Every structure is written in C-alpha cells, then in structure tokens.
Amino acid sequence: MSVPLLDVRNLRKVYPGPRRGELVAVDDVSFAVQPRTCLAIVGESGSGKSTCARIIAGLERATAGTVAVDGDAWHTGRPGTRERRRRARIVQMVFQDPYQSLDRRQTVGGCLEESLRLHFDLTGDERSARVAALLDLVGLTADHARARPRLLSGGQRQRVAIARALASEPRLLILDEAVAALDVSIQAQILNLLADAREQTGVALLFISHDLGVVRQIADEVAVMHHGAIVEHGPAATVLDAPRDPYTRRLLDSVPRPGWRPTLRPA
Amino acid sequence: VTTGCGGGGTSGSVTPADLVVSTPPAAGEIDKVSWALPMGEPATVDPVKAGDYSPNTVVSNLCEPLMRLTPDFSVEPGLAESVTRPDPTTLVFTIRPGVKFWNGNPLTAADVVHSLRRNLDPGNRPAHADVFKHVADIVQSGPMQVTVTFTRPDEQFLDSMAGSVSAVSEKSFVERAGDGYGTPSVGVMCTGPFRFGRWVPGERVVVTRNDEYWGTKAKAKEFDFVFFTDDSTLTTALVAGQIDGTYEAPIGSLDTLRGSPGGKLYFGPSTQSLSIGPATTTGPAADPRVREALDLAIDKTSLIGNVLHGAGAPLKTFTPPLSWAGDPAKPVFDAGYAALPDTSKPDLARAQALIREAAPAAEPLTLAIPSGDQTGLQTATIVQAAAKQIGLTLDIRQMQPTEFSELFYDPAKRQTVDLVIAQGYIEVPGVYYYSPGFVLPGGVFNWTGWRDAEVERLMTEGQQAADPQVAAEKFVAAQKVFAPARLQISLAQLHERLYMSNTITGAPASFAYIGSAWAAAVGKA
Amino acid sequence: MPETPLLAAEAVPAAGVPRRRGFGRLRSVAAVGPIGTVAAAVCLLLVAAAVLAPWIAPHDPNAVDASNVFAPPSAAHPLGTDDTGRDLLSRLIHGSRLSLLGPLLVTVIAATLGTILGVLSAWRRGWLDAVLSRVFDVLFAFPGVVLAILAAAIFGAGFLAPVIALSLAFLPVTARVMRSAALRERNLPYIEALHLQGVSGLAICVRHLVPNLMPLLLVQATVGFGYAMLDLAAISFLGLGPQPPDPSWGVMVANGKSAILGGHPEQSLYAAIVIVVAVVAVNLVGERLAVHYEIGESS
Amino acid sequence: MGAQIGRFVARRLGALVVTLLAASLIIYGALHLSPGDPAALLAGGRNPSPETLAAIRAEYHLDDPFWARYWHWLSGVFQWDLGKSMSFGDQVSNLISARLTNTLFLVGYAALLIIFFGLATGIAGALAGKAVNTVITTTTSLLMAVPTFVAAIVLIWLFATKLNWLPVFGSGTGFGDRIEHLTLPALALTASYIAYVSRVIRSALSSELHGEHVETARSRGVRMPSIVRRHVLRNAAAPVLTVSGLTVAGLIAGTVVVEQAFGVSGIGSLLVLAAQKQDFVVVQDIALLMVAAFVVVNTVVDLVSAVLDRRLLRTGV
Amino acid sequence: MTAPLLRVSDLRVSIRRSTTDVRPIIRGVSFDIRAGEAVGLVGESGSGKSMTARSIIRLLPGNAETSGEITFDGDSVTGLTPAGLRRMRSHSIAMIFQDPRAHINPVRTVGDFLCEGLVLTRGVRRRDALRRARQLLTDVWIPDADRRLRQHPYELSGGLLQRVMIAAALAIEPRLILADEPTTALDVTTQEEVMAILDQQRRQRDLALLFITHDLDLAAAVCDRTAVMYAGRIVETAATGDLHARATHPYTRALLSARPTTGERRARLATVPGRPSAAWEVPGGCAFAPRCPLATERCRQDDPASRTVGDSVVACHHAQVGAPV
Ligand SMILES: Nc1ncnc2c1ncn2[C@@H]1O[C@H](COP(=O)(O)OP(=O)(O)OP(=O)(O)O)[C@@H](O)[C@H]1O
Ligand SMILES: Nc1ncnc2c1ncn2[C@@H]1O[C@H](COP(=O)(O)OP(=O)(O)OP(=O)(O)O)[C@@H](O)[C@H]1O
Ligand SMILES: [Mg+2]
Ligand SMILES: [Mg+2]
C-alpha cells in the first residue's frame, strides 16, 4: 500500500474542563486518508470531530499523537507564518457557517486574489484568469467576483469558500459540516460540486458530518466517532450497510427514512 | 459717608472721597451673623501661626493682642494697659488687670510671656518670626508686667505688636494642646470678645459672644465664618442673602454686588497692593532701567479700571500711605510720598529711551503668576501688552502653588523666571515693618541683591530713632533713593472691599480689620 | 450543535450584483436620516469654526475693551461682549479650538491605544491578555475626572495634563470593547481560513480584523468624544483645565458665572448652549452610526 | 453550586485587592512626578530656615526611600491614619470625616433620585406607546448632554434670582436642613445620570421584552404585567445593576463639580481645593478613597448580579 | 365528517418594513387539522412555516399585517379579544419552539418554567403545580425530577431542555400543539428520542399536532398528512404513507430526490437549479416556475390554484392523477 496522504496516529486532545477537571475531546484517534479519496468522520455533537480536523489543519495543538503528511510528521503545535504558508498548499478547510467564513469587507475576487498572491507568483492577467477559472469551477460567474458576501446567498458563499480553499491547490480539503447549514436543494448542489472538484483537481477530502445520508453520498471510507474515540472505521458501504458497532447501528437507526417510526431506545 | 452704590453696568471709579473708614454704627444686638471668608478655610486659628487673610480675620476677634489696631491704622493699647520705654532697648508692658480667659481663669503676665515667646520657637512655625529679629529676651518682670529687651533699638516693634503677633493665649491650655492648638478640634483659649465655638472643617468656624468680656461687648450673639473658595459661589450666596457680609469682596463681582438690592458695598483704605518684582540677581529684570521702563510703559489708570474695576488707586512705591496714617509724623511721610515721581501715567517715549540705553538681551522675559489667580492673570496680560510697546517680550508663566512658593525661598528656583507678580498687604502700621526686606542687603524680598550704602545707613538709623519725626525723615530720605530703583514696580493699591447686607452694619471698612476685633462692632442695622 | 437554519439572505441573483460607487455611498450617508444629517452638519460646522477661527472670528478673542463691557449684541459684536469687553462670538469661535481639540485628542489616543492593546490582548491571549486585562481593570477603576484632577495636581492645571489623564481613563473602555469584539472576531471562521491560507498574524489583524472592527470603533469613539467633551468642560469649569485668557467653552461658562447674577448671563449661557449642542450632535451622529452599522446600544 | 459561589466570591475579592493595590501604587507613585517640592508648600511660602525645612522633611518622611514612604502611607491608610494635610494643618482623616457625611448624603440622595426617576422613565419608555417613548427619548438625549456644572448654574440662577424656595449654597446640618440644602446639588448631579440610566433601562427592558423567553410566556397566555415582572424586570436586573454600578463612578466625579458649584463642604470640593493647593497628601488619600468606593461598589454589583443570574458565575473575572 | 379543530383559510401575512415597503411572506395558505390529527408542514428556510404557526396563536411581529380567516374549534381566532386570546393560549393551543435555550427564561428554574402556565393562567396552587410538573417530567422520561425542577436551564442539555419544553406544553392539557422544528438543533439520536416522546404523548392524549420541519421523512414518520410550503404558499398537501410514491408537485419531488439517503449512493444527486426564492420576490405566476423543469409560459403568467389531484391537493398546472410528473 502506498504512503497515505494523511496519517493520523494516537491523536489525543484534552481541554481543561469545568471544576478543574479534564475534558477529553479526542481520545487516541488514528486514521489515514489516501490520496484522491474521501474519508468521512461521523458522530454526534461533541464527539470530537471538529477538534480532530482543527488539529490536522494546525488550528489547534494536540495533547499527544502525530499527524504525518506524505510520511513526514508534522509538528502539532501552532505553526509559524512560513510553515503555515507551506501547509496551505497541502491542507485547506471549509467551515460550517457560510455567513461567517468570509471577510465581510472583501469582495469575492479580492478574497481569491489574496490567496493566489500568497502562493503563486502570477502576473495580474494570469491571476484574473485563475480567479475566473476557480469561480467557474464552483459554478459562479465573473459577476460574482465583484460582490461582497452580504449580497450572496448561503449556498453561494459556501461556493466561494470552497473556491478559496481550492485556490492554493491543496491536496487535502477538510470540510467541517460544510453542508449542514444549507437547504436541501442547495446542499445537493454543493455535494455535486464537491464531487466534480474532486474529479477535476484530484483533491482528497476529509469530510466531517453528522448526516449519514450525506456521508453515504460522498465518502469512500467512514470513521464513526463516539465520545472522542473512533468506534468503527471502514469502507462507506460496509459501515453503513452492515454496521458492527452498536453505536453506529444506533446512529443509523435514528435516521428518518420511509417507513421509519421514532422509538425510545434505552441508551 | 457711604459709597455711591446702585448704578451697576460699567465699573464705577472710586475716588478717594468715596473711601470710608467705618460704616454706620449698629443699632442693636443681633442673634447671628454669617460672614464669608473669601480666601477659604483658615489653616489654623493659632494666633502665632496666623499670617493670612482667613486666619487673621477670625483670630483677631478671638485672641486679643497687647496692642490694638484702630480702623484708621493707628495703634492703641489692648491687653497691655500701658507701655513704657525705660531705655532704647527695653520695653515694659503693664498687663490689664481683671481680664479673664473664656474659661474663667485670670490673665497673667506668665500667659503673656509664654504667648510672646512662642514666636521665638521655629518649631511653632510662627508667621511673623522676623518681628522678633532684634529681641534679646522676654521676661516677666512683675506680677502684671512683662519686659522685652532688644539687642539694638527697634522702633518698629511696638507697632508690629498690633495684631495677632502679640495675641495672648492661655499658657496652660496651649501647653496641654501642644501641636493641636488652633486646629478645628481643639480651638484656642483667649480673652477676646468672641469665644471659639465650633469649627466644622470645610464649612465654617462658629464663634459666640464672650459675655464676660472686659470691654465693650459684641453686638452679635453668634458669628459664623463660612469658607468660600469660589468667587461666584460667594457672590451668589451674598446676593441670595444666605451670607450677611464679607471683606475682600471678589473683584470680578463688584458690579453685581453694587447692583444688589439686598446689601451695600463699601470701599475703604487698605495697605494691599499689586506689584511686579524682579526675581533674579542678573538679567534684564535686575537692571533698574528696564524696570523703570516697564513701569513707565504700563497705564495704571486703565489697569485699575479694567482689572480692578475701580477698586484701587495708583501707588508710587511699595509702602502704601495707610502704613503711616496714624503716625505722629504723618505730614513728613505725606510730603515725601508726594515728592515721588508720578508713575500713574505711561510715558512711552522715556520708557523706550531707557530700553535703548539698557539694551537688554533679546530673549523673552518670564513673568510668573500663581495659577488660578484671575486678577493676576489679567494684570499680567496688560503688562505683557505694555512691554510689547517698548520692545520687551514677556512670557506669562502660571505656576503651581508649590512652585510659586518655592520662589520665595529658593534663589535657584528664581533663576528660571525674571519677574513675579505679587499681591501683598501690610498688616501693621509703620514703614519699617515691610521696607527693609526690599532695600537692605540680605532682605527676604531683595531678590536682585540691590544695595545702597546711603539707604542702609538711613534705614538703620531710622529704625533705631526714638523720635518719630527723625524716623520719618530718615525713611523719606531713603525712599527718595530706593523708590526710583523700582525694587517693586507698584501697579496699584487696592481698596478694601466690604459688603454687608442691609440687615447688619458696623464693621470697619478699612483694612485694619485684619488686626482688630472688628466683628464686635457688627450688629443690627 | 448545528446552526439554526439560516434565513434566506436578501440575496440578489448573480446577474444583478449592483455596483456601488461614490454616489451610492453618498446616498447611504443620507440614509442616516434627517436628524442624523442635521447632527452631522452641526458637527462639521463646529469643526469648520475651529479650523478657520483666525479667519472667521470678527475680533481678537483676548482683546479687552474697557469702554465696551457687557455690550449688547450689535453689528460689531453680534453676541455682545463679556465683563472685560471681549467679543463673545470671537471667544466662542476660538474656544471651539481647545474645546474640540481636547476631546479629539482624548478620543484619538484612547481609540488608537485601546485598539492596539485590545486587539493585541485578544490576539495573543495567554499571559499578555491576563496582564493587560488587569491593567485595564486598574485604569478603569479611576473615574476620569478624578484621574484628571490627579494629573492637574501633579503637572499643574492646563490643557495637556487633563487630556492625557482622560485618555488613560477612557483607554480601558475602548480596549475592553475592542478586546471582546476582537475575541469574538478572531474565532470566526474567516480569520481561521486566513490562518490556513498562511497569512501572517500581523497582516490578518491589520488587513482584516481591525478594518472589520472599524464601525464599532467609530461608534465607540463618537460616544467617547461626547463624554470626553463633558468631562473636559467640567475640568475647565473647576479651573484645572486650559488657563485663561485662552478661551474654551468650559472656562467661559465658569468665567461668566459671576456675572449671571448681575444680569449678564450671556457668556455662560452661550458657552453652555454650544457645549450642549455639540454633545447632542455628536451623540446623535454616534447613535445613527450605531443604527447604520447595526451595533447594539449598550457598550 | 455553593462551592461555585464561593470560588466566584473569592476570585472577585482577589481581583478587588489586586486592583486596589495597583491603583494605590499609581496614585502614590504619580504624585512623585510633580515638579515642585512639597516642603516648600508646607513652609507656607514664608522664607523658612533650612532647619525648618529639615524638620518638615522629617515630619512628612520626605527623605525616606520611595517604597518605605509608600508602605508607610499604605499601612497608615489601613488604620485610617491618612497622614497630615500639607495645607490644612490637620489630620486628613479628620478633614475627610468632617466632610464625609455631606458627600455620602449627597450621593445617596442623588442615587435615590436616579433610581426612582431612571426606573420610572426607563420602564415607561420601554412599555408605553410610541408617543411617550419619543418624548422620553428626546428628553433623555438632551439631558444627557447637559453637563453637571451647567445644570448647577441654571439651578443657581433660577433659585437665587427667581425662586427663593431652596438655598443655593452650603450643606446644612441635621436631616431636614440637609435635605433642603442638598436638593439643588442632587438635582444638578442627577440630571444627566437619570437620562443615562433611563436609556440603559429602556434598552435593557426592550431587548428583554423582545426576547424569545418572553415570546414563550406570551404564547402561554400569561398576562403582560406578570410577564414584565417575571421575565423582563427580573432578567434586566443584572445588566441594569451593572450599569448602575458604573454610574457610581460618574456620581463620584460629579460630586466634585456640584460641591464646588454649590459650596457644599464635601470630599469632592476638598479634592479640588487640595489639587489647587497641591496638597498631595489630601489628593492621594481622596483619590484612593474614590477609587476604592468605585471598585467596592462594582464588586458588590458583580456579586449581586451573579446571584440574580447564575450563568454569570461560570464566566471568568 | 366532523368539523376540523383548526381551519386556516386564505391566510396572508405581510411585513411592513416602512410606509412603502410591504413584503408579503405568506400568500394565501389554507389547511385544516382535525382533532387528534397530526399535520406536518415542510419546506425550506424562509418559506413561511413559522409564520404560519405563529399566525394561529397570533404571535406575529408588531409590523405584520394579516388577512384571511383562522378558526379554532369553530371560533374565529382573528376576532378574539385579548382575554379570549389569552384563554386560548393558556387552555387550548400550546407551542413548542425550536431553540429551547433561548425560549426558556435563563434566570429562572426549570420548576418555575413548568409551573408558570398553571399558576399564572389557571390559578393552580404552586404546590399542586409542582406535583403536576414532577409527573410531567416523568412522562417525558426525565428521571430525577425533583433535582431537575430546582436546576437552571444552563445546567441541562439541549435534548433534555426540549423535553422540558414538551412537558410545559403538555402541562396545560391543550387540544393542539404547534411544534416549530423542535428537533432541528438536536443530534439524530436525540431527535429520535424527542420525537418518540412527542409522538407517544400526543397519541396518548389524543392531541392534534402541527409539526414543522425541514425533513420530509421525519414529517412522514409522525404525521397523518403533510403540507409542503414554498415561498409563502402550500404547494402540496397529501396524506402521508409512501410520500415518495405519491408526491405530485415538482417541488415536492425535487426535495425528495435532492436528499441523499443512507441506503444507496447515487451517481449524482438530482438538483434544483437556483435557490429558494422568498415570497416577496415572486414576480407573478408560479413561484417555483423559475426553477421548475416543467415550467411553461403559463406557469410564469398565472399562479396555479390549489386543486385536488388524487389523494393530494396540489397547486401546479402540470399535476395529473396517477402520473408523477
Ligand atoms: N476550545 C475548547 N475548550 C474547551 N472545550 C472544548 C473546546 N473546543 C471543543 N471543546 C469540547 O470538546 C468536545 C469535542 O468538541 P468538537 O467541537 O470536536 O465536537 P464535534 O464532534 O465537532 O461536535 P459538533 O458536531 O457539535 O460540531 C466537546 O465536548 C466540546 O465541548
Ligand atoms: N420578525 C420578522 N420581521 C420581518 N420578516 C420576518 C420576520 N420573521 C420572519 N420574517 C421573514 O418571513 C419569511 C418567512 O419566515 P419564517 O420564519 O416563517 O420561515 P420558516 O419557514 O420558518 O424558515 P426556517 O426554516 O428558517 O425557520 C422569511 O423570509 C423571513 O425573512
Ligand atoms: Mg464540530
Ligand atoms: Mg422557522
């Protein structure tokens, strides 16, 4: 088997909890993401999904464990500017809330250009062309480049966020509940868009969600988290069609579907 | 005679004829008088420490001195029944018998000796230690007799006794009180027409009538001295009738007070003066020619009208005529004063000539004034304009209280300024009280180090002359020399400004209140 | 917890993204409403008076004229004269300089330092934040006027000491507001996204974070200006501010006080009116700005 | 829960002590930056001899090292020994005690007025119709811009020349007399604060009034008066209290001005007087006292707020 | 057939933003709920679901203008006096909100919240009310009721808080419950619990329910009938059952197919172009026309009226019996 793009081992994150206690948000988590694939992490609220993602992205310091990219271990402290710029070419992230993930004062074009200017040595024309290509990739037009986020709908903003993340041509895109806040019809558009982007750019996805339907649609592999630990991990079809862990079963059973009735289950 | 009141509007000018020494006598007793202390709360009512408007205004009604100041600024016996001078360096005071302190204890010579001697101990921080400069000893020489001996004759000494310097406090009380004597919680123990009642810090000192007083009893049963620090608050309180009267009515409010239907504004003679003094031993201000030029450049009449609102008059030298008003040799002094050059009108041509001659350095001169002093500031502004006319640049520097005080004893500090505006007063009669400080080498106010052998001789002889005529002639001769040197540029003498509501009357209108039991005369109008 | 479903934004279809150029901006100022416009105009007028004072004042503000004391309004003296015959209008106009410069300095110093320290505190967090927060607490414990009196006692009454003191007293207010806003802001995903792009911390702060806090700062500063003006006027009134003869409105109110009972309230009255009008105008502008930028009233 | 409250109180008290210590250091340290020599002031400007100066320096510990003097002062303050005034010739504690009653009376009187009128107009503004609201908003906008000293001058002018109902000067003795003397100062002091507090109350109330929990209560058919009492006033109490605590700072500063304007003998006028005379000892003591009053009041307010709204217990200092 | 418990006919609501700017947000909504019946109201954000529910108990913002008729148990809701309105709110209709943390007064205890309705509007003594509250907490499967009653809302998790909200709604023994997305803020597992409790209690007490949600499948699971809203109108109302098979309106069908399922992975999700339009943006004609694959000129010209097509009431020119469009 080839060297995984991302290799996370024994990751642990402890927050100071209430009353001098400790809160173990992530507890000994290990997983790997192969190039060009999509790994989904699912689990209920507070199970530690975002924390994992933020550690990998370098937004959070791990208490213990390693994150390796292409085989070389990444220091898991808060990286400096130079290191962050290097990593930006490898890992990018899209956040849940489309209304707060863009600078409200910056136009869409400006936002994309800022990213391009940081990472590539392009002439003005080249940059404009690249901006147009990125917008096209996420289904927006050149008209949108002039707009400020205030004028865009939630779905459009999420497209911009994806375009921005793709601007540095990363190899791994982390999506933290990136479609959770969207209406069903918009959510479908974004999911299709992600599939296209993956195909066109070969970017691998780390897709974080609590929506098993969405996960089924997009992920190759699924890791189920519960109370900070991974309880089940495997190919999407296997995990979702034949769950072995009771918690995964419980999750699956709670999803409304035709013929489903809510029932009280003992925890 | 009373001043013309009413009118209002523009500043009325006050002619010498408008000045009154006293106000109509009181018609009868009154229960309570509220009187303002416009300079704020006294620091103490210990007579030995009293050396400012507020403490003196109060203390002089509580603690009787050996010698009393009369409204016309002459001196009469007080607690001293009589004074004799057996030889030029000895003074013998005979104490008035039958006088009692407020607590009923009789006044003794021991009390007098003790009170006088307190002035000799720097630990008491006496306000007038320099009066005792030539005193050799103070002893009790009989049951009711006190003898003061001098190292050399000092003719000024007796006049200087008129006022709180010689006020007598009860010895045992003072000794018990120690440092606390004169503070709000302890008060004083004296023999005056009012007894110390209570002192509400920050607010008022209440004194009550001494019904056992040996002399003429006071007309008011109670006198409240209320502290003010703000002129307009005072004016408001006067106009609203919440306060019955005040000395040193605020200059800025004179028009308002003149127009107030509820009371009357009186102007009286005073020793207060407004002047500018040089601060350094070198530099342009130390040059008499520059000072004279500046003096000649200033239009005193307009200054008196604009800044003092008429409540003043031109002054030729730093010794104001009221100082000798009660002196037997008054005509000699008057003639001498009249002979001095008149500086009330500006003489720009001569001033400019003097400046050309002196050719002072081009740097601006610094004129120091105490910060927050409105009158001083307005004066400084006018002086500045006048200086500009003769090619002198003046910078006005407002100094904080500590800085300003330092000027008075730290010559090094004085080097940072050239001129200082001073508003001063002389609280006792006699020309030798104040002037030596300016004209003799080493004098406290002789900041330029000015000296003149002739003046030194005349002053020393005059101070020691037993004959008042001789003393006066010596002084006038000396004055003829030092006045033109402008050791102070005298800008104006200030009139006493007394305001009383229509319900009361009787207070003396002259500055003599500062050293006499003036409140005793105040009663129902 | 997943976010609540978002309301459909008042979005414009892509093709119709409107362009906002100069004219549009102007109209958005007018959208501040008639009262806001009047208030802004008053503010501009006062600033103009301060800047142009030497050219528009009819007289030298300090020129005394003994023959013309308490003159009633006339062509030469539109507002009459004071107790030493100085022209009241000229003094009011010249007075606007110190009276506006003081609060302006206070506001600018407090806003600049407050923003720098507040943002630094929020950005670095950790011990620096703890220390700075304590410092703000301590400074905050000094009522502005008390600090100004303290300064006046130390350095002497004058223009500068109270201004510096008030700047220090106002600093923690701005710093705290900016700190908590910056804390909120720095946790927003767009800042994290910039992090992930590899933008340096300084660049994020200077180019993104602080500009986004500008509206808040502006409103905060406007409100602060009003308070600074009142406090400085009070200091002047107490005689601890700019010393006469330099005119300032607070000094004028105080100086005119003694003439009020003599039937000449004009000096105090005019100066007081100008102070009140200026503060009302500034406050109104602040209020409208807050409404415009949708910033809550309390801060 | 009990432990939580205990920790909260301990934390607040700790912060209070640290703040006061730092403030005292600032106050004491700052005055040493002064350009003048305090001994000169003490000598009263009258040509003191070097011995006198030396005696004064010794008496006021002017030659001790800074920390020794600071400690001397601070430990004195704890025993209500505030040192001796440089210009009044009396113990500062006496000076202050004599004036404290007036100032406390004035502040208390003003606080009552502020609470009463602030609450009344604030509640009216939040609950009444648009017309009332407009009137109240306009009045408060105007009042908020009227400086205390202007209010004072207007009142003095009015009552000294037109209406002779109330004294315009002094502080009075005894309760009735004080009420009479301090009514105008209190009114001048409160005018702008009533407006301020009224606005804060109004906006706190209306934000609570539009809160979702009020909507819940309405959806259950609870009557409006009950809603206002149970959900609006109760919930707004904590923020309103906090703001009221902050107005204490304003009141403290305000007393300085009104006491000066109305000739009330209190701590504020003493402070101004001492500042003018550069009586550092008095200035230091009063500044510390005022800062302490402010910090203590705000700590108490924080504690009470936390009792009213338990969520505050969890947030940091 | 008995008269419906609640009847809403031609409800129109608009928001007056200024004297000239009046925005319609509900454009003629009609439906009814029979006693004991559960009706689902489904639609995307901003389609007007909450406003519809709020109109029923007249809990609209102050600048809302309504027309149309709402009757509850035969009485006009629109014509109620304030006292009558309070009586209806305190006795007959209860509302459950989406965000319990905001909708329960944070400074009062859970016990206070539960008893408030009984004590203040029913005159029940507080002690009796507390006893009832304890029973209710047990009904919604909250153990340790006594401790919970003394706690403040911040001490409870979201799921528990929503159960408290349900208990409070049950406390007044209403005949109709309006539940506005009671589970949107919750995890799927918690959602199932809360829904199970709500469903169970409703059936036990034979209450009518208006259930608002985004999730067609969830609505189908607990409701007898489901209404789908788009841009301020109900575009389709159908008896639940196999909704996937019965949906006739193109929008309903689009919603169903855009939603990925756990069961299988589709090559590509069917999407609807554009974004949901707000009610005030609708230019005329069918609101869905700009996004509808079937739209014709007619759709853009006139707004289709609701008509019965098979088991459903549909507002679409193209809907036909038995033929899914
Ligand atoms: N900065 C922090 N300080 C303290 N605790 C934190 C912090 N960030 C997260 N936690 C806690 O760590 C746990 C895991 O949080 P995390 O955000 O990773 O969960 P999640 O699975 O992403 O949940 P969600 O689905 O709600 O986003 C939670 O209990 C959370 O309260
Ligand atoms: N208070 C209000 N003032 C003005 N417009 C409002 C108000 N509340 C809601 N609206 C508007 O009314 C429309 C319908 O809102 P409503 O809350 O009924 O939607 P919804 O279907 O419940 O959406 P969601 O799923 O987001 O809760 C929306 O476009 C919204 O912008
Ligand atoms: Mg998360
Ligand atoms: Mg809704």
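Rules of the game
Residues numbered from 1 in each chain as written. Chains lettered and ligands numbered in written order. Predicted model: local features only at pLDDT ≥ 70, side-chain atom pairs only at ≥ 80, totals over all residues. Heavy atoms only, no water. UniProt positions renumbered as here; feature names shortened; annotations may be inferred. Helix = DSSP H or I, 4+ residues; strand = E, 2+ residues; numbered from the N terminus. Buried < 20%, exposed > 50% of the residue type's maximum accessible area, 1.4 Å probe, protein only. Polar contact = N/O pair within 3.5 Å; in protein donor to acceptor, adjacent residues only side chain to side chain. Contact = heavy atoms within 4.5 Å. Near = heavy atom within 4 Å. Areas by Shrake-Rupley, 256 points an atom, 1.4 Å probe, with all protein chains shown as cover. Nonpolar A, V, L, I, M, F, W, Y, C, P; charged D, E, K, R; others polar. Expected span 1.5 Å × (residues − 1).

Going by the annotation in an unreviewed UniProt entry, the name recorded for chain A is ATP-binding cassette domain-containing protein, with Amycolatopsis thermalba given as the source organism. The UniProt entry for chain A carries the following comment under Sequence similarities (unreviewed entry): "Belongs to the ABC transporter superfamily."

### Examining the side chain of D:Asn235
Structurally, D:Asn235 is set in helix H10 (residues 224-262). Exposure remark for D:Asn235: the relative accessible area of 5% places this residue in the buried category. A distance of 3.2 Å separates polar atoms of two side chains, one belonging to D:Asn235 and the other to D:His213. With near-sequence residues (within four places) excluded, D:Asn235 lies in contact with D:Glu208, D:His213, D:Arg230, E:Asn105, E:Pro106 and E:Val107.

### Brief notes about the site of ligand 2
In the region of ligand 2, 15 residues are neighbours, and E:Ser45, E:Gly46, E:Lys49, E:Ser50 and E:Met51 sit closest. Flanking ligand 2 are residues from chains C and E. One of the side-chain N or O atoms of E:Ser50 is found 2.5 Å from an oxygen atom in ligand 2. In this structure, an oxygen atom belonging to ligand 2 sits 2.9 Å away from a main-chain N or O atom of E:Met51. Contact with the protein chains hides 78% of the accessible area of ligand 2, taken as 630 Å² for the molecule alone. Sorting elements by how many residues they give to the shell around ligand 2 places helix H1 (residues 49-56) of chain E first, with three residues. For the shell around ligand 2, a count of residues per class yields six nonpolar, six polar and three charged.

### A word on helix H6 (residues 154-167) of chain A
Residues and elements named next belong to chain A. Helix length check: H6 (14 residues) gives 20 Å between terminal C-alpha atoms against 20 Å at 1.5 Å per residue, within 8%. H6 sits mainly inside the fold: 14 of its 14 residues count as buried. Directly beyond the C-terminal end of H6, a positive phi value near 50° is found at Glu 169.

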